Amino acid sequence: MNDAALVVIFFFVLVGITCIAIAFAHTRYVETRQRFKRLAQRFGGVIEDPGIFGSPTVRFNHDGAPVRIRKTASGSEDHGSFIEFRIAWSDPSIRLTIRPEKTLDVLSKFLGVEDIEIGVRDFDARYLISGNDPSRVRAFLTPGVQKCINALYRFLEVEHVF
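Note that this is a predicted model, so its numbers are computed, not measured. (Residues numbered from 1 in each chain as written. Predicted model: local features only at pLDDT ≥ 70, side-chain atom pairs only at ≥ 80, totals over all residues. Heavy atoms only, no water.)

1. Brief notes about the environment of Pro100
Link 1 in the chain: Mapped onto the elements, Pro100 comes out in strand 5 (residues 96-100).
Link 2 in the chain: Given the relative accessible area of 6%, Pro100 is considered buried.
Link 3 in the chain: Remark: the alpha-carbon pair of Pro100 and Arg126, spanning 26 residues in sequence, is separated by 5.7 Å. (Helix = DSSP H or I, 4+ residues; strand = E, 2+ residues; numbered from the N terminus. Buried < 20%, exposed > 50% of the residue type's maximum accessible area, 1.4 Å probe, protein only.)

Pasting the structure below:
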């Protein structure tokens, strides 16, 4: 086989791999968009969809507070994207972050990273919880709120909800 034939074969293999990657990315995009569309319908919200190269966002109001849920890149090596859930607190002095606990978080906790334990074994094991007022965070994370966080996690079928 001559060099020209090898170049042609290499080119077609490269084009084939690229087409497969694009098809896979498009399928993931369609699945994510459908989940976000159902979420928007469920809560009477709107979906903002920038297309295949952007991340869908759902916006709605919950008890008068604006809510935003979007898929975003993590910038981390252990996973490519995560679901970000934001709600405007009626009291802006409260800060609360909940994210899935990762393997390296055990080391982080040893080094002093805050993890508020709420006393629910499964929830405490699944999520790293931080905030500026642990007693108010515990009071906020009622069984109903925990159920909603876990339902969002399952509904969007992702490993990473923040």
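2. As for the pattern of salt bridges
Link 1 in the chain: All told, the structure shown has 2 salt bridges when counted by the stated rule.
Link 2 in the chain: Note that Arg33 and Asp49 form a salt bridge whose closest N and O atoms lie 2.3 Å from each other. Within this pair, whereas Arg33 is found in helix 1 (residues 3-42), its partner Asp49 is found in the loop between strand 1 (46-48) and strand 2 (57-62), the two being separated by 16 residues in sequence.
Link 3 in the chain: Between Glu48 and Arg59 there is a salt bridge, with its nearest N and O atoms 2.7 Å apart. Taken together, the residues span a long stretch of sequence, with Glu48 in strand 1 and Arg59 in strand 2 at a distance of 11 residues.
Link 4 in the chain: Assessed through its relative accessible area of 35%, Glu48 is described here as partly exposed.
Link 5 in the chain: With relative accessibility at 36%, the residue Arg59 sits in the partly exposed group. (Salt bridge = Lys/Arg side-chain N within 4 Å of Asp/Glu carboxyl O.)

3. Looking at helix 1
Along an α-helix, residues three or four positions apart point the same way, because every turn accommodates 3.6 residues.
Link 1 in the chain: Taking 1.5 Å of rise per residue, 40 residues should cover 58 Å, and helix 1 covers 59 Å from first to last C-alpha, within 8% of that figure.
Link 2 in the chain: Regarding helix 1, the residues found buried are Tyr29, Thr32, Arg35, Phe36, Leu39 and Ala40.
Link 3 in the chain: Taken from the residues just after helix 1, Gly44 is the one with a positive phi, measuring 65°. (Expected span 1.5 Å × (residues − 1).)

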